[in-house]
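Residues per chain, in single letters:
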Amino acid sequence: MEFGIIGTAGIARKSVLPAIEASEHAVGAIASRDDDRARAFADEFDVPRSYGAYEDLLEDGGIDAVYIPLPNTAHAEWTIRAADAGLDVLCEKPLAVDADQARDVAAHCEDRGVTLMEAFMYRYHPRTERAIELAREELTDIRSVSAAFKFPLFDDPDNVRLDPDLAGGSLMDVGCYAVSAARQFLGEPDRVYAHTHDSRAVGVDTELAGILEYDDGASARIASGFDTQKVQRYRVEAANGWLEVADAFDAPLEEPLELEYRIDGRHAVETFDPVDHYRLQVERFADCVESGARPRTDADEAIANMRVIDGLYESAERGELRALP
């Protein structure tokens, strides 16, 4: 499979392009709004073709699929335009700015018959798969989940994550991982509550703390932010034990990772060899394109995650608990 990359964001440079090149697939073209930037990117990474307009890349007959690492507000538009060009799409999270827009994107891609995957790479890591397996098969009556993803975003006032016009904010950028993790273990919440803080007075949440509530009394606590040192973890607690993961989402690619748990009195620490979960994500995407199978992080999953994110933002704005539709 030959990928085109729409945008020159850091995650494309640092993580996804190297992952594609490490797989059996290749990057055939790169596009930017700036021709010089696209050409410099292509030269740096030996990408055969570069374009100074996203539209031009979509007309490249050698491209089979696109990867979209644009700002959040551009994800839906360029996913739809790629689908119109008959291209399968691997789109950075979040797929859209809200659940309604995600539904529109999903319906459009379905109508065009293209594969759509939201790029939640952590879901393809063997440790994540094992944690979900343990929770489903061995933990009894999960009562609570806590999940957090925070990192310091200082001295960079022009960062797109701080721009409300680009759907910035800590929940959209990293809190979406915490929401995703909570949902993997507890399912879809019935109500949510959130508190946010804008420490830079820029119009986005630089800190968020939220609660996901369930009718059976279970709950999840999620947190995200740009104002502290890096933390990324989740913990699952059940009637017969618990499991816990550090470096949970943007996990180191060259270090072994651990999953610790105590279930029915049995304490264990499982170690996972270093693996590039971005490469695993790319390979799973290509497999789904070839087989026609729906990706694990498909449009339905994206819509469900955005439903919770929408509710958290509504709760924070109104200062009250919000029932989810």
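Located above this text is the structure these notes cover.
Residues numbered from 1 in each chain as written. Predicted model: local features only at pLDDT ≥ 70, side-chain atom pairs only at ≥ 80, totals over all residues. Heavy atoms only, no water.

*Asks:* How should I be thinking about the environment of Pro252 in this particular structure?
*Replies:* Position of Pro252 among the secondary structure elements: in the loop between β12 (241-246) and β13 (257-263). Taking the C-alpha atoms as reference points, Pro252 and Asp276, 24 residues apart in sequence, are found 8.4 Å from one another. Not counting residues up to four positions away in its chain, the partners in contact with Pro252 are Asp247 and Leu257. (Helix = DSSP H or I, 4+ residues; strand = E, 2+ residues; numbered from the N terminus. Contact = heavy atoms within 4.5 Å.)

*Asks:* For this particular structure, what's the right way to read the nonpolar core?
*Replies:* When a protein is soluble and globular, its nonpolar side chains tend to lie buried together. Leu212, Ile222, Tyr234, Leu243 and Leu312 are the most contacted members of the largest nonpolar core, which has 76 residues in total. Top element by residues in this core is helix α7 (residues 170-186). It accounts for eleven residues. Leaving out residues up to four positions away in the same chain, Tyr234 has contacts with Thr128, Ala131, Ser146, Ala147, Ala181, Phe185, Leu243, Glu244, Val245, Ala248 and Phe249. Residues Ile6, Ala76, Ala82 and Val105 belong to the second largest nonpolar core, which totals 30 residues. (Core = buried A, V, L, I, M, F, W, Y, C linked by side-chain atoms within 4.5 Å. Buried < 20%, exposed > 50% of the residue type's maximum accessible area, 1.4 Å probe, protein only.)

*Asks:* Sorry if this is basic, but what is going on with the environment of Asp227 here?
*Replies:* With respect to the helices and strands, the residue Asp227 is situated in the loop between β10 (219-225) and β11 (231-238). Placed 57 residues apart in sequence, Asp227 and Ser170 show a C-alpha to C-alpha distance of 9.7 Å. Of the polar contacts made by the side chain of Asp227, one reaches the side chain of Ser199; its length is 2.8 Å. Looking at Asp227, its side chain comes within polar contact range of the side chain of Arg200, at 2.7 Å. (Polar contact = N/O pair within 3.5 Å; in protein donor to acceptor, adjacent residues only side chain to side chain.)

*Asks:* Would you explain the pattern of salt bridges in this entry?
*Replies:* Pairing between side chains of opposite charge can happen when their charged atoms approach one another. Applying the stated criterion across every chain yields a total of 34 salt bridges. The salt bridge involving Arg49 is made with Asp60; its shortest N-O contact spans 2.5 Å. Within this pair, whereas Arg49 is found in strand β3 (residues 49-51), its partner Asp60 is found in the loop between α3 (54-58) and β4 (65-68), the two being separated by eleven residues in sequence. Residue classification places Arg49 among the partly exposed positions, given a relative accessible area of 27%. Residue Asp60 is classed as buried on the basis of its relative accessible area, which comes to 9%. For Arg130, the salt bridge is made with Glu133, and the minimal N-O distance between the two is 2.7 Å. Here Arg130 and its partner Glu133 are both found in helix α6 (residues 126-137), three residues apart, which amounts to about one turn of the helix. (Salt bridge = Lys/Arg side-chain N within 4 Å of Asp/Glu carboxyl O.)

*Asks:* When you look at unusual backbone geometry in this model, what are you seeing that I'm missing?
*Replies:* Where the residue is not glycine, phi is negative for most of them; where a peptide bond is considered, it is trans in most cases. A cis amide bond links Lys93 to the next residue, Pro94, at an omega of -15°. For Pro94, the position within the fold is in the loop between β5 (88-92) and α5 (99-112). One non-glycine residue, Ala201, lies in positive phi territory at about 55°. For Ala201, a relative accessible area of 69% gives the class exposed. Non-glycine residue Asp264 carries a positive phi angle of around 55°. Secondary-structure assignment places Asp264 in the loop between β13 and β14 (266-272).

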